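# Residue-level structural notes
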Amino acid sequence: MDHLLIRGGRRLEGQVAIDGAKNAALPMCVAPLLTDEPVRLHRIPHLRDVDTILSTISSLGKEVRHDGNTVEISCGGALKSEAEARYVEQMRASFLILGPLVARLGHAVVPLPGGCTIGRRPVDLHLEGLCAMGARIEEFPDHVVVKAEQLHGARISFPYPSVGATEHLLMTAALIRGETRITNPSREPEIGDLINLLRKMGAHIVVGKMSIRINGSEHLHGAEHTIIPDRLEAGTYLLAGAITGGEVQVMGVEPGHLRSVIEVLRRVGMSITESSETIRLLGEQRAEPGHVVTAPYPGFPTDLQPLLVALLCLGRGESLVEERVFESRFAYVHSLNCMGGRIRVIGRKAVVTGVNMLVGAKVPALDIRAGGALILAGLAAEGETVIYHPEHIDRGYASIEEKLALIGAQIERGK
Ligand code: EPZ
């Protein structure tokens, strides 16, 4: 069975080049559905999720040309209005094709994304927004049929600043008649990057304190854009340096996107220095106990919660980590406890009692970031750790074993 094999106990030291952000690349690969002109995206990361979204839009009639870390998406013939289930089922972000297809074609049939190990992952905010824009939606158990003679601008207010719903309705609003106002939108850096691309395509978008206003355009044109660096990948390597007591510098990042992560790492005793494009961590000591709550940006990112818990497993004293974004994002705790961790999950809180040592074990990666947490634990554990289902990890981390080996990890992929 495919697995990653890690021999733990080595300090990580060195520099890691950070790729383009997965969670910016995915919506940006959907945006070209809004135009027949070519869109060129630079710093596209080589990830399974990117392959999936490019296959999805290719199946809808787009022509995709990949050249290293650049992808050009252009018109490959008439757009199709029906997406194949196999793509959307694999990855939730494919659901974002729905609004742009309806804006272009007046109708679309798209499978509903499934839940996953971190929660039910509903799309009610996406669908309510499209309804407000005049879409007629028929929901079936596994797909939706959406029709609209003419979508129009709408006033939408989110009870929760959903990242995906903000991206979905931003892209749709950019190509429909009238003004759309989204109140309480997500403020993640990936949203700002998508807005930059849409503006280059001719969209009229104003970002206010409480809302984003979009004045729809009749036509959007092609554009060229370089994707922001992946703050989650950067945070992963900094935490890997911290858990191994090493010295790791991440290169080509935007420190401003990691303010909350840097603040937490300093709070638990790590020394961090930064320049305009790099962040350097020196893990001279075991982590001090902390109390961390995940929150929408600029709060501590839920996607680094599992990796932070792994670090705190080997910290001093007792820490508390609260997961306030997803309803069940502690499935990985069982595996960390099998490695010697002492973590108690009470509802959406994890109480972590620091131990002196973790021990290698055979454990399954359940999702991208849970897999990241197991890698960190394996890097610091005594002995060998085998992580099954590395395909989950490959969805969000490009060349992770090569990048870790370059800074001293003993890690290899096996069958
Ligand atoms: C994005 O997922 C990211 N994925 C996730 O990263 C990330 O964890 C999440 O945002 C939160 O930051 C991508 O960008 C591709 P949400 P998304 O809509 O858009 C509830 C990773 O590892 N909600 O902000 O699905 C939802 O249940 C992935 O890279 C509704 O109730 O996140 C959740 O509790 C994992 N109704 C909360 O909002 C809706 O219609 C946050 O979801 C939509 C969401």
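Reference entry: report on the structure contained in this document. (Residues numbered from 1 in each chain as written. Predicted model: local features only at pLDDT ≥ 70, side-chain atom pairs only at ≥ 80, totals over all residues. Heavy atoms only, no water.)

What follows deals with the packing of aromatic side chains. Scanning the entire structure with this criterion turns up one aromatic pair. Between Phe330 and Tyr332, the aromatic rings sit 6.4 Å apart at their centres with planes inclined by 45 degrees, giving tilted as the arrangement. Given a relative accessible area of 3%, Tyr332 falls into the buried group. (Phe/Tyr/Trp six-rings, centres within 6.5 Å; stacked < 30°, edge-to-face > 60°. Buried < 20%, exposed > 50% of the residue type's maximum accessible area, 1.4 Å probe, protein only.)

Next up on the list: the layout of surface pockets. The rolling of a water-molecule-sized probe over the atoms marks out the regions of remaining empty space. Space inside the second largest pocket adds up to approximately 280 Å³. Lining the second largest pocket are 19 residues, and of these Ala103, Gln150, Leu175, Ser217 and Glu218 sit closest to its centre. (1 Å grid on protein atoms, 1.4 Å probe; cavity = no way out; pocket = protein on both sides within 12 Å on 5 of 7 lines; lining within 4 Å. Points joined across faces, edges and corners; volume = space filled by probe spheres on them.)

Attention shifts here to the pairing of strand S14 (residues 247-251). Pairing geometry for strand S2 (residues 13-17) and S14, over five bridges, is parallel. When the sheet's bridge partners are listed, Glu13 is paired in S14 with Glu247. (Pairing = 2+ DSSP bridges. Helix = DSSP H or I, 4+ residues; strand = E, 2+ residues; numbered from the N terminus.)

What follows covers empty space enclosed by the protein. Taken as a whole and judged by the stated rule, the model has three cavities of 30 Å³ or more. Roughly 50 Å³ of volume is contained in the largest cavity. Looking at the largest cavity, the residues that line it are Thr117, Ile118, Pro306, Ser328, Arg329, Phe330, Ala331, Tyr332, Leu366, Asp367 and Ala370. Considered class by class, the residues forming the lining of the largest cavity number seven nonpolar, two polar and two charged. Looking at the second largest cavity, its volume works out to about 40 Å³. Lining of the second largest cavity is provided by Arg231, Leu232, His257, Leu258, Ser260, Val261, Tyr297, Pro298, Gly299 and Pro301. Of all elements in the fold, only helix H8 (231-243) and helix H9 (259-267) reach the threshold of two or more residues within the lining of the second largest cavity. Partitioned by chemical class, the residues of the lining of the second largest cavity number six nonpolar, three polar and one charged. (Nonpolar A, V, L, I, M, F, W, Y, C, P; charged D, E, K, R; others polar.)

The four strands lie next to each other as S17-S18-S20-S19, forming an open sheet whose pairing is mixed. One side of each edge strand has no neighbouring strand; the edge strands of this open sheet are strand S17 (291-293) and strand S19 (342-346). Across the sheet, the mean angle from the axis of one strand to that of its neighbour is 15 degrees, orientation sign disregarded. In this sheet, strand S18 (residues 318-322) lies alongside S17 in parallel orientation, the contact comprising three bridges. Each bridged residue has a counterpart across the sheet, and for Val292 the counterpart in S18 is Val321. (Axes fitted to C-alpha atoms, helices over the stretch in contact; angles between N-to-C directions.)

A few words on the sheet that holds strand S21 (residues 362-364). Here we have four strands laid out as an open sheet, ordered S21-S22-S1-S23, and mixed in their pairing. Only two strands of the sheet have a single partner each, and these edge strands are S21 and strand S23 (410-414). When strand polarity is set aside, the average angle formed by the axes of neighbouring strands in this sheet is 20 degrees. Summarising the sheet, S21 and strand S22 (residues 384-388) pair through three bridges and their orientation is parallel. Looking across to S22, one finds that Pro364 is bridged to Tyr388.

Once that is clear, we can look at the site of the ligand. Taken together, the neighbourhood of the ligand is formed by 22 residues, with Arg92, Asp124, Ser162, Asp303 and Val325 sitting nearest. Contact distances for the ligand include 2.7 Å between an oxygen atom and a side-chain N or O atom of Ser162. In this structure, an oxygen atom belonging to the ligand sits 2.8 Å away from a main-chain N or O atom of Val163. When the free accessible area of the ligand is taken as 830 Å², the share hidden by the protein chains comes to 87%. Going through the elements one at a time, helix H1 (22-30), helix H5 (124-132), helix H6 (163-173) and helix H12 (368-380) are the ones with two or more residues in the shell around the ligand. Grouping the amino acids of the shell around the ligand by side-chain chemistry returns 10 nonpolar, five polar and seven charged. Two domains each donate at least three residues to the shell around the ligand, and these are domain 1 (3-19 + 229-414) and domain 2 (22-226). (Near = heavy atom within 4 Å. Polar contact = N/O pair within 3.5 Å; in protein donor to acceptor, adjacent residues only side chain to side chain. Areas by Shrake-Rupley, 256 points an atom, 1.4 Å probe, with all protein chains shown as cover. Domains from an automatic or database assignment.)

Before going further, it helps to spend a moment on the packing of H8 against H12. For the pair H8 and H12, interaxial distance at closest approach is 9 Å and the crossing angle is 25 degrees. Taken together, the axes of H8 and H12 lie roughly parallel to each other. Crossing hand, H8 versus H12: right-handed. In this structure, H8 uses Leu232, Thr236, Leu239, Ala240 and Ile243 to contact H12, whose residues at the interface are Arg369, Leu376, Ala377, Leu379 and Ala380. The residue inventory of the contact of H8 with H12, partitioned by class, reads eight nonpolar, one polar and one charged. (Parallel < 35°, antiparallel > 145°, perpendicular 65-115°, else oblique. Left-handed = near helix turned anticlockwise from the far one by under 90°. Contact = heavy atoms within 4.5 Å.)

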